[in-house]
Amino acid sequence: MDYSCPKCSRVFSCAEAISFCPFCGTAYASAPGASAVSTTRIVIGSDSERAVQEKYWNLTHAEISLVLSALEGRLPSHEEYTLRQLNVRGWLISQSKRSSTAQFRGGCDAFLAEITQAFQSGPSAEPAVPPIDIDQMGKAMDDICQQLLNVIRPEGDLPPLPQLAFQPINTAAKPDDALSAACMTLLQTIEAIKPRFYQVLNENGIFTAASIVSRSAGDARGTDVQSLEKLSQELQSLAQHDYDPLFGAGFEDFLVTFMMSLAALATAANTLHGWLKYDENELAKINALSSCRAAWSILLYETLDQLYQSQRADMLSIQRSVRQICLDYAKTAPDIADEDEYE
């Protein structure tokens, strides 16, 4: 029986009546006078039928990718769980760019106020976003991925499914009374010495600021109890010297020690009061959900590839079923695709 495809214009012959073009997959009626159209799938001696199957395999792969991307998009990023931290390096860089002693003093006062607030407020604030409901998010992920797996693996026993592995982390801060006492002593010393620091700074001008900040950044001290106590003692001793611009001692060591004391105190505040870069418990949840999603991704893609290679299923039918799952999921996840794609 002779056929001519109205879409790709291919002409071919086949002993059986068929309902679609084996080259492009377009459905059409059989030639006039032919018997009732058969639903038998015909594989002719070329790769045309394989090309049609590959087309719908790629479409199915894309549908699954949309769901996996939506699942990943629902996870909070690490930045959303970043808590405020005193930025010592940023402060030093800003101070090196001051154009007047008044600006330099203002930068020191503002940073000292942040340090004082850190010690007064105690433990760090709550995250800007609510804690993750890992059980609910894990169940939602398993439900949609299980639906997809049931479609692309219609026969045989299911393989081992990915499991969500999460162990809560005890993030309770351990008190360090000795370190806290050393910090408070250094803070009181800085407050007491600050007027003397500003006096020496005004007498010698802003032109010394760049070298002072450079030395402070390159000669950072530790934040253990002994280092903080030593800084406090050095600062008190240096503040007693005569720094007359003409006949006094060199003033740079005093100014550098003051700046180093501020930097060390801020670093200690970050450690002592839990002003961490992230909440460890919430980060562990994000990592657990991300790992589970990655495991589902591998399982779904491998299962789909095995189904396609086996040639035991109609990929057009598979693609339609997977697409329906995506359409249903899109109702609960508007970010699964562009609006036009799922209208």
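Just so you know, these numbers come straight off a predicted model, no measurement behind them.

Attention shifts here to the overall build of the protein. Broken down by element type, the protein carries 10 helices and two strands. Written out in order from the N terminus, the α and β elements of the protein read β-β-α-α-α-α-α-α-α-α-α-α. Among the 343 residues that make up the protein, the fraction classed as buried is 41%. For the protein, long-range pairs separated by at least 24 residues make up 77% of all intrachain contacts whose partners lie at least 6 apart in sequence. Accessible area of the protein: about 18,800 Å², with a carbon and sulfur share of 51%.

Below, the discussion takes up the environment of Ala284. Note that Ala284 resides in helix α9 (residues 280-310). Under the relative-accessibility criterion, Ala284 is labelled buried at 17%.

Below, the discussion takes up the pattern of salt bridges. Two side chains that carry opposite charge are able to pair once their charged atoms sit near each other. Throughout the structure, instances matching the rule amount to seven salt bridges. The shortest N-O distance in the salt bridge between Glu252 and Arg215 comes to 3.5 Å. With Glu252 in helix α8 (residues 252-272) and Arg215 in helix α6 (residues 209-218), this residue pair connects regions lying 37 residues apart in the sequence. Take Arg215: its relative accessible area is 36%, and that puts it in the partly exposed class. Because the salt bridges share partners, they merge into one network encompassing Asp109, Glu191 and Lys194.

A few words on the side chain of Ser261. The residue Ser261 is located in helix α8 in this model. Its relative accessible area of 0% is what places Ser261 among the buried residues. Within the local environment of Ser261, its side chain forms a polar contact with the backbone oxygen of Thr257, the two atoms lying 2.7 Å apart. Sequence-distant contacts of Ser261, that is, excluding residues within four places in its chain, are made with Leu186, Ile190, Leu231 and Leu235.

Here the focus is the side chain of Gln95. In this structure, Gln95 sits in helix α2 (residues 88-96). Side chain to side chain, Gln95 and Arg98 meet in a polar contact 2.8 Å long. Once residues within four sequence positions are removed from consideration, Gln95 is found in contact with Gln103, Phe104, Gly107, Cys108, Val213 and Met259.

One finds Phe104, Phe197, Phe254 and Met259 to be the most contacted residues of the largest nonpolar core, which totals 48 residues. Listed by contribution, the elements that provide at least two residues to this core are α2, α3 (101-121), α5 (177-204), α6, α7 (225-238) and α8. No other element matches the 14 residues that α8 contributes to this core. If near-sequence neighbours (up to four positions away) are discounted, Phe254 is found in contact with Ile193, Arg196, Phe197, Val200, Leu235, Leu238, Ala239 and Tyr243. Leu71, Ile144, Leu148 and Leu300 belong to the second largest nonpolar core, which has 34 residues in total.

The end-to-end C-alpha distance of α5, which contains 28 residues, comes to 39 Å, matching closely the 40 Å that a straight helix rising 1.5 Å per residue would cover. Ile193 marks the point of greatest bend in α5, at about 45 degrees, and the proline Pro195 comes within the next four residues. Of the residues flanking the end of α5, it is Gly205, one or two places downstream, whose phi is positive at about 85 degrees.

Further remarks concern the packing of α7 against α8. Think of two packed helices as two axes; the pair is described by the angle between the axes and how far apart they sit. Packing of α7 against α8 brings their axes to within 10 Å, and their N-to-C directions diverge by 150 degrees. With respect to their mutual orientation, α7 and α8 come out roughly antiparallel. The element α7 and its partner α8 pack so that their crossing is left-handed. Listed contacts from α8 to Leu228, Leu231, Glu234, Leu235 and Leu238 of α7 are Asp253, Phe254, Thr257, Phe258, Met260, Ser261, Ala264 and Ala268. In terms of residue class, the contact of α7 with α8 is made up of nine nonpolar, two polar and two charged.

Going through the model one piece at a time under the given rule, you end up with five aromatic pairs. Judged by centre distance (6.4 Å) and plane angle (70 degrees), the rings of Phe197 and Phe254 are edge-to-face. Of this pair, Phe197 sits in helix α5 while Phe254 sits in helix α8, and the two are 57 residues apart along the sequence. Note on accessibility: Phe197 and Phe254 belong to one class, buried. In textbook terms, an aromatic cluster arises when at least three aromatic residues are bridged by ring pairs, as seen for Phe197, Tyr198, Phe254 and Phe258.

The interhelical angle for the contact between helix α1 (residues 48-73) and helix α10 (residues 315-330), taken along N-to-C directions, is 20 degrees, at an axis separation of 8 Å. In terms of orientation, α1 and α10 fall into the roughly parallel class. As α1 runs across α10, the sense of the crossing is left-handed. Between α1 and α10, the residues in contact are Gln53, Tyr56, Trp57, Leu59, Thr60, Glu63, Ile64, Val67, Ala70 and Leu71 and Met315, Leu316, Ile318, Gln319, Val322, Arg323, Cys326 and Tyr329, respectively. Of the residues belonging to the contact of α1 with α10, the class tally is 13 nonpolar, three polar and two charged.

About the cut-offs
Residues numbered from 1 in each chain as written. Predicted model: local features only at pLDDT ≥ 70, side-chain atom pairs only at ≥ 80, totals over all residues. Heavy atoms only, no water. Helix = DSSP H or I, 4+ residues; strand = E, 2+ residues; numbered from the N terminus. Buried < 20%, exposed > 50% of the residue type's maximum accessible area, 1.4 Å probe, protein only. Contact = heavy atoms within 4.5 Å. Areas by Shrake-Rupley, 256 points an atom, 1.4 Å probe, with all protein chains shown as cover. Salt bridge = Lys/Arg side-chain N within 4 Å of Asp/Glu carboxyl O. Polar contact = N/O pair within 3.5 Å; in protein donor to acceptor, adjacent residues only side chain to side chain. Core = buried A, V, L, I, M, F, W, Y, C linked by side-chain atoms within 4.5 Å. Expected span 1.5 Å × (residues − 1). Bend = angle between axes of the 7 residues up to and from the residue. Axes fitted to C-alpha atoms, helices over the stretch in contact; angles between N-to-C directions. Parallel < 35°, antiparallel > 145°, perpendicular 65-115°, else oblique. Left-handed = near helix turned anticlockwise from the far one by under 90°. Nonpolar A, V, L, I, M, F, W, Y, C, P; charged D, E, K, R; others polar. Phe/Tyr/Trp six-rings, centres within 6.5 Å; stacked < 30°, edge-to-face > 60°.

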